[in-house]
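The primary structure of each chain is shown beneath.
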Amino acid sequence: MKAAAAGGALLLLFILAFLAAATSLLSTSGTPGGVACEVTSTTMSSTAGGPIALDSEQQANATLIVEIAMERNLPARAAVIALATALQESKLRNLPYGHLDSLGLFQQRPSQGWGTAEQVLDPRYATSTFYDRLVKVRRWEQLPLTRSAQAVQHSGYPDAYAQWEPMAQRIVDALAGTCVLLIPGEQIAAALAYAHAQLGKPYLWGAEGPAAFDCSGLTMRAYQAAGITIPRVAADQWRHGPAIAFGREQPGDLAFFRMEADGPGHVGIVLGNGQMIHAPHKNAVVTISSYQRADLIGFTRPAAHASTGPPDPR
């Protein structure tokens, strides 16, 4: 099982590297016609997931983090990583104290070469320095958020960053998604990265994360992290479509299994090369395994933003 998971992880890194090569969301010229994106804290209250409960100080710091990513023409993933890190380290507050000599939004330590105390308490300096170090991390765009953040921060609790990823993604959607279009490659990369970050978490019927998932809870949350809303249960996700012919499935497509009276009883997210990420069943964990099974029904492509009616059964 460990060997299969390792092979799947390498496959995912290859897929995400391919997708990331052609994607850059947070660009001020990324909208149709090159219209600039003006980021303001007022947009924080209008996301698909409902209001984001941040006060004025937190909103201002979140806006600054996203603005600096945009100024540097960095992918959306950079802003999500930075926001999740700041949420964990300081709850998006410019703290004048911390563990040992840690200070500021990212709890950077002057004694560890982050700059003077005055510098790390400057949110723009602190954010810029975080990005300086992030972009030097090999394959940072393709790594799970916890590994990218940890490579910069060297935290004693690296797994803690994961709990903030959904909220960080929503903040980026709120601040940039209304004026910069998500392009398909970035959406797929975001969905796969979210699913990959859940590997090893237990299956629990009806669960939607963050501690446990059932099969359709995982797929719904993965696409939600990519800014795409899909139905909650496997049968409705199947009907949501559009259908994809066998042999034409691509990374990010959904694979469905075990046709029951009201629709498929199981769903996973295609990685490619016959592999998928899914939450299999009770007493199992989110894992990577083959979708080439006897009970495979078919595939759909949520990223197509269209529904062509119920896919035809195999």
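The preceding data block contains the structure.
Keep in mind that this is a model prediction, so the values were computed, not measured.

So, the nonpolar core
Considering soluble globular proteins, one finds that nonpolar side chains tend to be buried as a cluster.
Here is step 1: Core analysis: the biggest nonpolar cluster contains 41 residues, and Leu83, Leu92 and Tyr131 have the highest contact counts within it.
Here is step 2: If you list the elements that add at least two residues to this core, you get α2 (56–71), α3 (76–90), α5 (123–134), α6 (145–153) and α7 (165–176).
Here is step 3: With 10 residues, α3 is the largest single contributor of residues to this core.
Here is step 4: The contact partners of leucine 83, leaving out residues within four places of it in the chain, are Ala62, Ile65, Val66, Leu92, Ala168, Ile171 and Val172.

Details of the environment of tryptophan 164
Here is step 1: Looking at the secondary structure, you find tryptophan 164 in the loop between α6 and α7.
Here is step 2: The buried category is assigned to tryptophan 164, whose relative accessible area is 17%.
Here is step 3: Taking the C-alpha atoms as reference, tryptophan 164 lies 7.0 Å from glutamine 88; in sequence the two are 76 residues apart.
Here is step 4: Ignoring sequence-local partners within four residues, the contact set of tryptophan 164 consists of Ala84, Leu87, Gln88 and Lys91.

Observations regarding α3
Here is step 1: In a regular helix each residue adds 1.5 Å, so 15 residues correspond to 21 Å; α3 covers 21 Å between its end C-alpha atoms and thus fits that length.
Here is step 2: Buried residues dominate α3, accounting for 13 of its 15 residues.
Here is step 3: Just beyond α3, the residue with positive phi is lysine 91, at close to 55°.

Thoughts on the packing of α3 against α5
Here is step 1: Relative to each other, α3 and α5 sit at 120°, their axes nearing to 11 Å. The orientation of α3 with respect to α5, classified from their angle, is oblique. Crossing handedness for the pair α3 and α5: right-handed. On α5, the residues that touch Ala78, Ala79, Ile81, Ala82 and Thr85 of α3 are Phe130, Tyr131 and Leu134.
Here is step 2: When its residues are assigned to classes, the contact of α3 with α5 shows seven nonpolar, one polar and no charged.

A few points about the pattern of salt bridges
Here is step 1: This model, assessed by the stated rule, comprises 13 salt bridges.
Here is step 2: Note that arginine 93 and glutamate 57 form a salt bridge whose closest N and O atoms lie 3.0 Å from each other. Residue arginine 93 is found in the loop between α3 and α4 (117–120), and its partner glutamate 57 is found in helix α2; the two are separated by 36 residues along the sequence.
Here is step 3: Judged by its relative accessible area of 26%, arginine 93 falls in the partly exposed class.
Here is step 4: The partner of arginine 232 in a salt bridge is aspartate 214, with the nearest N and O atoms 3.1 Å apart. Separated by 18 residues along the polypeptide, arginine 232 in the loop between α9 (215–225) and α10 (234–240) and aspartate 214 in the loop between α8 (184–197) and α9 bring together distant segments of the chain.
Here is step 5: You can call aspartate 214 buried: its relative accessible area is 6%.
Here is step 6: Each member of the salt-bridge network shares a partner with another, and the members are Glu208, Asp214, Arg221 and Arg232.

Description of unusual backbone geometry
Here is step 1: With an omega of 0°, the peptide bond running from glycine 209 to proline 210 counts as cis.
Here is step 2: A cis amide bond links glycine 241 with the next residue in sequence, proline 242, at an omega value of -5°.
Here is step 3: Positive phi outside glycine occurs at arginine 139, with the angle close to 60°.
Here is step 4: Tracing the backbone through its elements, the reader meets arginine 139 in the loop between α5 and α6.
Here is step 5: Residue class for arginine 139 comes out partly exposed when judged on its relative accessible area of 32%.
Here is step 6: A positive phi angle is found at arginine 258, which is not glycine, with a value near 60°.
Here is step 7: By the secondary structure assignment, arginine 258 is in strand β2 (residues 254–260).
Here is step 8: A relative accessible area of 38% places arginine 258 in the partly exposed class.

Cut-off values and rules
Residues numbered from 1 in each chain as written. Predicted model: local features only at pLDDT ≥ 70, side-chain atom pairs only at ≥ 80, totals over all residues. Heavy atoms only, no water. Core = buried A, V, L, I, M, F, W, Y, C linked by side-chain atoms within 4.5 Å. Buried < 20%, exposed > 50% of the residue type's maximum accessible area, 1.4 Å probe, protein only. Helix = DSSP H or I, 4+ residues; strand = E, 2+ residues; numbered from the N terminus. Contact = heavy atoms within 4.5 Å. Expected span 1.5 Å × (residues − 1). Axes fitted to C-alpha atoms, helices over the stretch in contact; angles between N-to-C directions. Parallel < 35°, antiparallel > 145°, perpendicular 65-115°, else oblique. Left-handed = near helix turned anticlockwise from the far one by under 90°. Nonpolar A, V, L, I, M, F, W, Y, C, P; charged D, E, K, R; others polar. Salt bridge = Lys/Arg side-chain N within 4 Å of Asp/Glu carboxyl O.

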